[in-house]
Amino acid sequence: MPPKTANPSARQTHLLEAAYRYALTHGLTDLSLRPLAEAIGSSTRVLMFLFGNKDGLVRALPERARTDELELLARFRRSDRPVGLVPAAHQVWTWLAADEHRPLLRLWTEVYARSLVEPDGPWAGFARTTVDDGLDVLAACQPQPERDGEDGATCRTLTLAVLRGALLDLLATDGERRVTAAVHRQLAFLDREDHDSA
């Protein structure tokens, strides 16, 4: 497989974006290079040359999805004046619940599950990495005294678990109003506990 470079060619970047759009619609479970290549105006030979093999391409697609996730999470990083855990969670949930993000989140969920049941596959480590990403960004949203304590780590773990669980429910049922109400109630409990302990 060609080595991963910091500066992929314009052709590789273009085809990765096209393959990513294809995966958002079709998923990765039954991904076959020939139909993918035809759909994105390429050939299996070119894809094999640029990505090494099917696994190389499949590895690149979750990384591309992670780029979108990190762009979202980066919005909440403010080292000068942390927004706070609960306000950040409300903003993250608003983004997660938006209809236009369902294709990305379905793909994210598929890769997350595959990385758990096939830990040596091309999606190896994806689930753990995205948990670490989420916890890292939530930590950056907490004021430093809260961030550095054991209780702060517990609160951001609970917050991430609430958001992830609610997301799975939302994707399964499309019950946005019901799930959003549950998320808001849980975040209100967390906010109240935070103020009571202050």
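Overview of the structure.

The rules behind each value
Residues numbered from 1 in each chain as written. Predicted model: local features only at pLDDT ≥ 70, side-chain atom pairs only at ≥ 80, totals over all residues. Heavy atoms only, no water. Core = buried A, V, L, I, M, F, W, Y, C linked by side-chain atoms within 4.5 Å. Buried < 20%, exposed > 50% of the residue type's maximum accessible area, 1.4 Å probe, protein only. Contact = heavy atoms within 4.5 Å. Axes fitted to C-alpha atoms, helices over the stretch in contact; angles between N-to-C directions. Helix = DSSP H or I, 4+ residues; strand = E, 2+ residues; numbered from the N terminus. Parallel < 35°, antiparallel > 145°, perpendicular 65-115°, else oblique. Expected span 1.5 Å × (residues − 1).

## Some points on the nonpolar core
The biggest cluster of nonpolar side chains holds 49 residues, and the ones touching the most others in it are L36, L61 and W93. Ignoring anything within four residues of it in the chain, the contact list for W93 reads L163, A166, L167, L170, V179, T180 and V183.

## A look at the packing of helix α6 (residues 102-117) against helix α7 (residues 126-141)
At a closest axis distance of 7 Å, the pairing of α6 and α7 adopts a crossing angle of 120 degrees. In terms of orientation, α6 and α7 fall into the oblique class. Side by side, α6 and α7 meet where W108, V111, Y112, S115 and L116 of the first sit next to F126, A127, T130 and V131 of the second.

## Remarks on the environment of G149
In this structure, G149 sits in the loop between α8 (144-148) and α9 (150-173). A sequence separation of 84 residues divides G149 from A65, and the C-alpha atoms of the two residues are 31 Å apart.

## Some points on helix α5 (residues 85-97)
Taking 1.5 Å of rise per residue, the 13 residues of α5 would be expected to cover 18 Å, and the 18 Å separating its terminal C-alpha atoms lies within 8% of that figure. Within the span of α5, buried status applies to L85, V86, A88, A89, V92, W93, W95, L96 and A97.

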